[in-house]
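Here's the letter readout for the chains.
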Amino acid sequence: MRIAPKALSWIGVQLDEIKAGPKVALISDESVHALYGEQVIASIRSSGRQVYPISVPPGEESKDLSRLAPLLSFLARSGLGRKDTVLALGGGVVGDLAGFLSASYLRGIAFVQAPTSLLAMVDSSVGGKTGVNLPEGKNLVGAFHQPRLVVVDTETLATLPPRELAAGMAEVIKYGLIADAPLFRSLRGGTPADLRPIIKRSVEIKAEVVSKDEFETTGLRATLNFGHTLGHAVENAAGYGVLLHGEAISIGIRAAAHLSHKKLGLPLADVRDIEATLAAAKLPLHFPQVKEAAIREKIVRALKLDKKAEAGVNRWVLLPAIGKTVLTDDVTGDDVEALLSLIATPPGTF
């Protein structure tokens, strides 16, 4: 991984370093391409490579099976071969979509990530998970396909909308909660002005976990899903795009913290500290639509389809203490109902 200002301007040199093939398909979304597409195209061309750009509409709706067939045909018409590369320029949606595209085309060609959102920099660009959504749930179709290179240009964060920046902080806070208590404590005052240290530390934590359990066979990688069990279900029930991924995860983190207090005795003071840290990052802590019976039913249904469930039973990541995790399936239907009532209301009212 390369983390540096202006890293996109020398991406062609970095493709030389990994001995990338002569053709590059540049997959982006329309908004990101307008900001950085020409810069990246120029750098790729300066390395003597041919570049074939294509853009999809921004937003979670593009992370859909219906997008794959036209993109696969685009790669074929562009003449990409086994030695060529798919380069994802954008946030997590583009990275997941382009990653699955590269894993599928010719049964797998090289893949490079150039994440432009904080969320993608610290989470989805690292670890090799790719995929698309189904109406029934998030990331239910996909493949493990590791990128050959990840290029993080920290200057792209200057053009990130405040809501998107906050969404990325949800994952940073998660890393502190599951593996690095000092990192978590450093975030109590809100989003820091210099994001490079927390990007670097977040990537280190995820890379260490993934290196020990790349294909989720030991349970270690599952600890990265703290806050995601309920968070993904809320995101799905709300309708993709209503809540950003990080916003839904923030709500899920709050729920998991309260469940950790109930099941493992995580001190209530720590639960309140977690809520305050999420709030300081300008993240949502409740979703009042959960009061609607139809939304609650959708959440329960999405939980049953969670891709990490085993024999229909969800595995929850909980905290016995800040910086430590355990996995448990000892969560009842009554526990879930209590969590739904919790996240329907702001902190201090439940």
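Structure shown above.
Parameters and conventions
Residues numbered from 1 in each chain as written. Predicted model: local features only at pLDDT ≥ 70, side-chain atom pairs only at ≥ 80, totals over all residues. Heavy atoms only, no water. Pairing = 2+ DSSP bridges. Helix = DSSP H or I, 4+ residues; strand = E, 2+ residues; numbered from the N terminus. Axes fitted to C-alpha atoms, helices over the stretch in contact; angles between N-to-C directions. Contact = heavy atoms within 4.5 Å. Salt bridge = Lys/Arg side-chain N within 4 Å of Asp/Glu carboxyl O. Buried < 20%, exposed > 50% of the residue type's maximum accessible area, 1.4 Å probe, protein only. Core = buried A, V, L, I, M, F, W, Y, C linked by side-chain atoms within 4.5 Å. Right-handed = clockwise from strand over helix to strand, strands pointing away. Arc of directions from axis to C-beta. Phe/Tyr/Trp six-rings, centres within 6.5 Å; stacked < 30°, edge-to-face > 60°. Lys NZ or Arg CZ within 6 Å of the ring centre and 35° of its normal. Parallel < 35°, antiparallel > 145°, perpendicular 65-115°, else oblique. Nonpolar A, V, L, I, M, F, W, Y, C, P; charged D, E, K, R; others polar.

(A) Structural context of the sheet that holds strand β1 (residues 2–4). The strand order β1-β8-β5-β4-β2-β3 describes an open sheet built from six strands, whose pairing is parallel. Pairing within the sheet leaves two strands with one partner each, and these edge strands are β1 and β3 (50–56). Across the sheet, the mean angle separating the axes of adjacent strands is 15 degrees when strand polarity is ignored. Sheet topology note: the β1/strand β8 (residues 149–153) ladder contains three bridges and is parallel. When the sheet's bridge partners are listed, I3 is paired in β8 with V152. Together, β2 (23–29), β3 and β4 (85–90) form the strand contacts of helix α3 (residues 65–77), whose direction differs from that of β3 by roughly 165 degrees.

(B) Molecular detail of the pattern of salt bridges. Inspection of the entire model under this criterion finds 21 salt bridges. Between K6 and E155 there is a salt bridge, with the nearest N and O atoms lying 3.3 Å from each other. A residue pair is termed long-range when its members are at least 10 positions apart, and K6 in the loop between β1 and α1 (11–17) and E155 in the loop between β8 and α6 (162–179) qualify at 149 residues. By relative accessible area, E155 is classed as partly exposed at 39%. The partner of K138 in a salt bridge is E60, and the shortest N-O contact between them spans 2.7 Å. Taken as a pair, K138 in strand β7 (residues 137–144) and E60 in the loop between β3 and α3 lie far apart in primary sequence, 78 residues in all. Sharing partners across several salt bridges, the network here consists of D180, K200, R201 and E204.

(C) The arrangement of the nonpolar core in detail. Counting 43 residues, the largest nonpolar core has M169, I173, L177, I199, F226 and I274 as the members making the most contacts within it. For this core, the secondary structure elements donating two or more residues are α5 (118–124), β8, α6, α7 (181–186), α8 (196–212), α10 (245–264), α11 (268–280) and β9 (316–321). Per-element tally for this core: the top contributor is α6, with eight residues. Ignoring anything within four residues of it in the chain, the contact list for I199 reads I3, L118, M121, V122, T154 and L157. Residues A233, A238, I343 and A344 belong to the second largest nonpolar core, which totals 25 residues.

(D) Spatial organisation of the pairing of strand β5 (residues 110–115). Within β5, six of the six residues are buried, leaving the element largely enclosed by the surrounding structure. Neither face of β5 is open: one carries A110, V112 and A114, the other F111, Q113 and P115, and all of them are buried. Bridge analysis of β4 against β5 gives six bridges, and the strand direction is parallel. From the neighbouring strand, L87 faces β5, where its bridge partner is V112. The parallel pair β4 and β5 is bridged by helix α4 (residues 92–104), and the resulting crossover is right-handed. Taken together, the two bridges between β5 and β8 define a ladder with parallel strand orientation. Note that in β8 the partner of V112 across the bridge is L149.

(E) Spatial organisation of α3. For α3, every residue scored as buried is listed here: L68, L71, F74 and L75. For α3, the buried positions fall inside an angular range of 130 degrees around the axis, keeping them on one side. α3 presents S66 and R77 as exposed residues on the side facing more than 90 degrees away from its buried surface. Where α3 is buried, its residues touch β2, β3, β4 and α4. Just beyond α3, the residue with positive phi is G79, at close to 80 degrees.

(F) Focus on the packing of aromatic side chains. Scanning all chains against the criterion turns up one aromatic pair. Residues F144 and F215 carry aromatic rings whose centres are separated by 5.2 Å and whose planes lie at 85 degrees to one another, so their mutual orientation is edge-to-face. One end of the pair, F144, is in strand β7; the other, F215, is in the loop between α8 and α9 (228–238), and 71 residues separate them in sequence. On the basis of relative accessibility, which here comes to 35%, the residue F144 falls in the partly exposed class. What makes F215 partly exposed here is its relative accessible area of 49%. The ring of Y175 has K174 sitting right over it, with the charged end atom 4.5 Å from the ring centre.

(G) Summary view of the packing of α10 against α11. Here α10 crosses α11 at 175 degrees, and the two axes come no closer than 9 Å. The angle between the axes of α10 and α11 places the two elements in the roughly antiparallel class. Across the interface between the two elements, S250, I253, R254, A257, H258 and H261 of α10 pack against L268, V271, R272, I274, E275 and L278 of α11. Of the residues assigned to the contact of α10 with α11, the class counts are six nonpolar, three polar and three charged.

Note that all results are geometric; they support no functional claim without further evidence.
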